[in-house]
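Spelled out, the chains give:
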Amino acid sequence: MVEMNLIQAVNSGLKCAMEGDASVVVLGEDVGMDGGVFRATEGLLKKFGPARVMDTPLAESGIVGVAIGMAVAGLRPVPEIQFSGFLYMAYGQLVNHAARVRNRSRGKFTCPLVVRTPYSGGIRALEHHSESLEAIYAHVPGLKVVIPSSPYDAKGLLISAIKGNDPVVFMEPSRLYRAVKEEVPEGSYTVPIGKAKIVKEGSQITVISWGSMLQQTRLALNHTNVDVELIDLRTLKPLDVETIITSVKKTGRCVIVQEAPRTGGFASEIIALVNEQAIFSLKAPVARVTGFDTIFPLYKLEDHYLPSTERIINAIEATANY
Amino acid sequence: MAEKLLKTFNVRHLQVLDDTGKADSRLMPRLSARQLVELYGLMVLCRRFDEKALSLQRQGRLGTYASVLGQEASQIGAAYALGKADWVFPTYRDASILIVRKQPMVRVLQYFGGDERGSIPAEGVNNFPISIPVGTQGLHAVGAGMAATVQKKKFAALACFGDGATSEGDMNEAFNFAGVFKAPVIFLCQNNQYAISVPVKRQTAAETIAQKAIAFGFEGIQVDGNDVLAVYSATAAALKKAYAGKGPTLIECLTYRIQNHTTSDDASKYRSAAEVELWKKKDPVARMRKFLERKKLWDNRKEAELAAKVERQVSEAVSEYEAVPKPEVDDIFKYQYEELPGFLRRQMDDYKNLVEGK
Ligand SMILES: Cc1ncc(C[n+]2csc(CCOP(=O)(O)OP(=O)(O)O)c2C)c(N)n1
């Protein structure tokens, strides 16, 4: 075990996956020589050489497109898209091909690729570097969407994603890259995809979050006496419905915290599921704390955009005292 | 049946001023003494602005900033050739283009200071706001050019981009549309040798970027991007061609990014200090000054006056920037749609009530 922050854990996960399987390759903008703009791929070029760690031309659709071809032809590519705001450039490739290769070939071909990309705000960045649009990937049939919130989970989930045989969009909360450290095994291990984690057990209310909002939600719990059960989804798709429903049936109350805009966000999907499967256990309407339905503002106003501790506590208390 | 040579091509490289500031008189653009001095003045102003922005960033008074240092000739030479009615589609790297295009310096600072109001374009010139997604704005420039054709209006569009951008699909689509529609567009590629850490030879196997134009059916030219007169001259020629309905031109400015990619980057990880030193010797501002001195248009006294003047201008812009009140919460919501829809108004009101303690 060593203390690692989230970005070091990602780096360690990539290293383990590459050591364990010669078909794993990394590609993207600035991932080689530079070691990635956030240092996720630091040291990999030196260790594994340019054939497996590729500095590519500046072209996201190109990066994901060639990764699809690589995946079908026997490699396990892990493309990095420098910021999720630039993953849109590759959306066509992801949706039209990565997500469909298995279905289109009636199971003959698979597309084992993992697109890693940082997302979330709060890093005083320029436009397009702060968005949280995980829902648009979760909406696409055939894609898996994984979002870790801690170093330990980041490494274990990444290794699982790389070992898996389906395409994964792996979104890393950039705000948390260096925010927390925890003990992480140096060797390879996996954290299962599709399994949520109960971060804290509680009896009065179920609070659900993921990725960038998880730490803050956890901290918000220090400011309320409500006995919260906190769930970290970790995977948005396939979603661990059972853990959510079991918890909501137990507590009878639910609040969801997401950084993304409100309309059509992933919270909406959870509310629909609770409605379908636990409505008669509810003692209060399900509440959600979200970003606004606006374009993410430049940094002078970003603290207003990001769901604040106060907004989280208010929603928890209002729902608990309904 | 026979095999024959169908096409060969040449790529021109244009330099007007050599490293020592000596001009090739046959290639001199038609610029008056006043204009030559004005061009130099803009270079000095923009450089001072750039230094100031970097130092503000270091002191935590500005956000991430992308320096122009070393690329002044490429930006200022091109912008200076344009008319007010022409459109410019800049990137985050193009502070000097914006300044020459009358964008108030205070707004450029506001933009990099995380204040959206810095993107409000200057009155009376057609400057599109800065595009961050690399290579995307080339298509907008082509569209603007096509709009000129449709409306039978006399304006052209300048698409600004780097060497890295030429790898993007969008950029290649822009070249292709421009060729097919003979759009009045100038593609200004500032080949500063790097896209963050990636050297240009990893962006393309082609020897020059200029030659890419040939495949799309229009003219490409490489110019010494540290020679403001060469850039001006190539841009002026491309503009004339565009106005005459003769279609697009790709201008590759061969230059160098002296600074880190942005203030979040550390270039020493991927390039040698010796390489940077080599390019510092080709400094575009010093070269233009030497030229003016040779022409007896410049001396130390004038230089001192100019330095004092730009210092004043830049300091004023900084003071103004720091005095601007923080944007209001409403600013997050106000510009999403023509009218604020009910659901958004509610989000705004709820939030304002919360922060105002109601
Ligand atoms: C579509 C897109 N992908 C990635 C990025 C991140 N990024 C910002 S600048 C840059 C390099 C751009 O290089 P180049 O086009 O040569 O312009 P320069 O910055 O050197 O002026 C990258 C990869 C981005 N802004 N947009």
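Residues numbered from 1 in each chain as written. Chains lettered and ligands numbered in written order. Predicted model: local features only at pLDDT ≥ 70, side-chain atom pairs only at ≥ 80, totals over all residues. Heavy atoms only, no water.

**A short note on the sheet that holds strand 5 (residues 185–191) of chain B**
All names here are of chain B. Going by this rule: Here, any two strands with at least 2 DSSP bridges between them count as paired. By definition, any uninterrupted DSSP run of H or I lasting at least four residues is a helix, any uninterrupted run of E lasting at least two residues is a strand, and each is numbered from the N terminus. Residues are treated as being in contact if the distance between any of their heavy atoms lies within 4.5 Å. Lines fitted to C-alpha atoms define the axes, with helix axes restricted to the stretch in contact, and inter-axis angles between N-to-C directions lie between 0 and 180 degrees.
With respect to topology, seven strands assemble into an open sheet ordered 1-8-9-5-4-2-3, the strand pairing being parallel. Pairing within the sheet leaves two strands with one partner each, and these edge strands are strand 1 (12–14) and strand 3 (126–127). Where strand 2 (residues 87–89) lies against strand 3, two bridges are found, and the strand directions are parallel. Note that in strand 3 the partner of valine 88 across the bridge is asparagine 127. Along the sheet face, helix 6 (residues 169–180) touches strand 4 (157–162), strand 5 and strand 9 (249–254) and points at about 145 degrees away from the line of strand 5.

**With respect to the pattern of salt bridges**
Working definition: two side chains of opposite charge can pair if their charged atoms are close together. To be explicit about the condition: Salt bridge, as applied in this entry: a Lys or Arg side-chain nitrogen positioned within 4 Å of an Asp or Glu carboxyl oxygen. Under the scheme applied here, a residue whose accessible area is under 20% of the maximum for its type counts as buried, over 50% as exposed, and between as partly exposed, the area being computed with a 1.4 Å probe on protein chains only.
Taken as a whole, this structure holds 33 salt bridges over all chains when the rule is applied. Where arginine 257 of chain B meets aspartate 265 of chain B, a salt bridge forms, and the shortest distance between an N and an O atom there is 3.8 Å. Across the pair, aspartate 265 of chain B and arginine 257 of chain B agree in class, each one buried. Within the structure, one salt-bridge network assembled from shared partners comprises Asp34, Arg39 and Glu42 of chain A together with Lys269 of chain B.

**Digging into the interface of chain A and chain B**
Here is the rule: Values labelled buried area give the accessible surface lost by two parts on being combined, using a 1.4 Å probe and summing over both. N or O atoms closer than or at 3.5 Å make up a polar contact, with two conditions inside protein: a donor-capable atom paired with an acceptor-capable one, and, for residues adjacent in sequence, both atoms drawn from side chains. Gly is put with the polar residues, along with every residue not named as nonpolar or charged; the nonpolar set is Ala, Val, Leu, Ile, Met, Phe, Trp, Tyr, Cys and Pro, and the charged set is Asp, Glu, Lys and Arg.
Taken together, the contact pairs 37 residues of chain A with 42 residues of chain B. Looking only at chain A, the three residues that lose the most surface to chain B are Leu58, Leu126 and Lys300 of chain A, adding up to 19% of its buried area. Inspection of the region where chain A meets chain B yields one salt bridge. Note that lysine 269 of chain B and glutamate 42 of chain A form a salt bridge whose closest N and O atoms lie 2.6 Å from each other. Taken together, chain A and chain B are joined by 14 residue pairs in polar contact (both at pLDDT 80 or more). Within the side of chain A that touches chain B, the residues separate by chemical class into 15 nonpolar, eight polar and 14 charged.

**Considering the domain arrangement of chain B**
The condition that has to hold: Domain start and end points were adopted from an automatic or database domain assignment.
Taken domain by domain, chain B comprises domain 1 (12–326) and domain 2 (328–358). The straight-line distance from the C-alpha centre of domain 1 of chain B to that of domain 2 of chain B is 38 Å.

**Thoughts on the packing of helix 2 (residues 72–81) of chain B against helix 8 (residues 228–243) of chain B**
Residue and element names in this part refer to chain B. For the record, the criterion: Helix crossings get a hand from a simple test, with the near helix turned counterclockwise from the far one by less than a right angle marking a left-handed crossing and a clockwise turn marking a right-handed one.
Where helix 2 contacts helix 8, the two axes come as close as 8 Å, and the packing angle between them is 35 degrees. Between helix 2 and helix 8 the crossing geometry is right-handed. Counted together, Ala73, Ser74, Ile76, Gly77, Ala78, Tyr80 and Ala81 of helix 2 and Val228, Val231, Tyr232, Thr235, Ala236 and Leu239 of helix 8 form the full contact between these two elements.

**Observations regarding a positive patch on the surface**
Spelled out, the test is: Exposure above 30% relative accessible area and the absence of a salt bridge qualify a residue for a patch, where like charges join within 9 Å and nonpolar side chains (Val, Leu, Ile, Met, Phe, Trp, Tyr) within 5 Å. Accessible surface is estimated by sampling points in the Shrake-Rupley manner with a 1.4 Å probe; for residues, cover comes only from the protein chains shown. Only four residue types enter the tally: Lys and Arg on the positive side, Asp and Glu on the negative side; His and the chain ends are excluded. Note that the charge is assigned to NZ on lysines, CZ on arginines, CG on aspartates and CD on glutamates.
A cluster of like positive charges, contributed by Arg30, Lys182, Lys240 and Lys246 of chain B, occupies part of the molecular surface. By the secondary structure assignment, lysine 182 of chain B is in the loop between helix 6 and strand 5.

**Comments concerning the site of the ligand**
Cut-off, in case you're wondering: By convention in this text, a residue qualifies as near a molecule or strand provided that one of its non-hydrogen atoms is within 4 Å of it.
Contacts to the ligand come from 21 residues, most closely from Glu60 of chain A together with Tyr92, Arg93, Gly164 and Tyr194 of chain B. The site occupied by the ligand is bordered by residues of chains A and B. Within the side chain of tyrosine 92 of chain B, one N or O atom sits 2.8 Å away from an oxygen atom of the ligand. A distance of 2.9 Å separates a nitrogen atom of the ligand from a polar atom in the backbone of valine 134 of chain B. Taken by itself the ligand offers 580 Å² of open surface, and the protein chains cover 96% of this. Here the shell around the ligand is built from residues that sort into 11 nonpolar, five polar and five charged.

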